Amino acid sequence: MAKRNIRIYPDEALRKKCRPVKDITKSVVTLIDDMAETMYGANGAGLAAPQVGVLKRIVVIDAGEGLVELINPVFLEKSGSQIGDEGCLSLPGKWATVERPDYAKVKALNKKGETIIVEGHDLMARALCHEIDHLDGILYIDKAIEPPEKENEN
Ligand code: NI
């Protein structure tokens, strides 16, 4: 495993629509392992493949409930609403308030190509929405209720 470089906004990879994974090759598995290492190394709660410059529909999340690896994730359900602060490893030092569903349920493939269902409330729902948005080139700043403020900007 190896850490990969995290693309920083406004890197153009962050605005691309990602392609579904057709075959879970060795390089896809290596990418996912690297993404997890990169996320943990940066103390993040999630990371999407375009954030390391790979335009594939893959995300990793650890919202405090263990590592979740999702290939080609699709929402089955979203409900409720929560308002909270959100950040992103591609926009270091910034936070903004974003409204998200309070519950989300996702279907995806795991590294073995098996269909998995992942669901969560609170932070997990927020992370699922934030990371899957990345796969369509959408950043949390697009959805911010108030524009992001830079840390130490007073
Ligand atoms: Ni992000």
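Refer to the structure presented above.
In short, a report on the structure. Please read all numbers here as calculations on a predicted model, not as lab measurements. (Residues numbered from 1 in each chain as written. Predicted model: local features only at pLDDT ≥ 70, side-chain atom pairs only at ≥ 80, totals over all residues. Heavy atoms only, no water.)

## So, the coordination of the nickel ion
Working reference: metal with six octahedral donors, ideal angles 90 or 180 degrees; metal with four tetrahedral donors, ideal angle 109.5 degrees.
Item 1. Around the nickel ion, the protein contributes the donor atoms Cys88 (SG), His130 (NE2) and His134 (NE2), which lie 2.1 to 2.3 Å from the metal centre.
Item 2. Within one chain, the residues serving as donors to the nickel ion are arranged as C-x41-H-x3-H. A residue pair is termed a helical-turn pair when its members lie 3 or 4 positions apart in one helix, as His130 and His134 do in helix H2 (residues 122-134) at 4 residues. Exposure class is identical for His130 and His134. Each is buried. (Donors = N, O, S within 2.8 Å, 3.2 Å for Na, K, Ca; no water. Helix = DSSP H or I, 4+ residues; strand = E, 2+ residues; numbered from the N terminus. Buried < 20%, exposed > 50% of the residue type's maximum accessible area, 1.4 Å probe, protein only.)

## A short note on helix H1 (residues 26-41)
Item 1. Compared with an ideal rise of 1.5 Å per residue, which puts 16 residues at 22 Å, H1 spans 22 Å between its outermost C-alpha atoms and is within 8% of the ideal.
Item 2. By the burial criterion, the buried members of H1 are Val28, Leu31, Ile32, Asp33, Asp34, Met35, Ala36, Thr38 and Met39.
Item 3. Buried residues along H1 sit against strand S1 (46-48), strand S2 (58-61) and strand S3 (68-79).
Item 4. Of the residues one or two after H1, Asn43 is the one with positive phi, at around 55 degrees. (Expected span 1.5 Å × (residues − 1). Contact = heavy atoms within 4.5 Å.)

## Observations concerning the pattern of salt bridges
Item 1. Here the structure, examined in full by the defined rule, presents 11 salt bridges.
Item 2. A salt bridge links Lys17 to Asp136, with the nearest nitrogen and oxygen atoms 2.7 Å apart. Note that Lys17 is positioned in the segment before H1 and Asp136 in the loop between H2 and strand S8 (149-150), a separation of 119 residues in sequence.
Item 3. Judged by relative accessible area, which is 59%, Lys17 ranks as exposed.
Item 4. Looking at Asp136, the relative accessible area reads 28%, which means it is partly exposed.
Item 5. Here the salt bridges share partners, and the residues they tie into one network are Glu86, Arg100, Arg126, Asp133 and Lys143. (Salt bridge = Lys/Arg side-chain N within 4 Å of Asp/Glu carboxyl O.)

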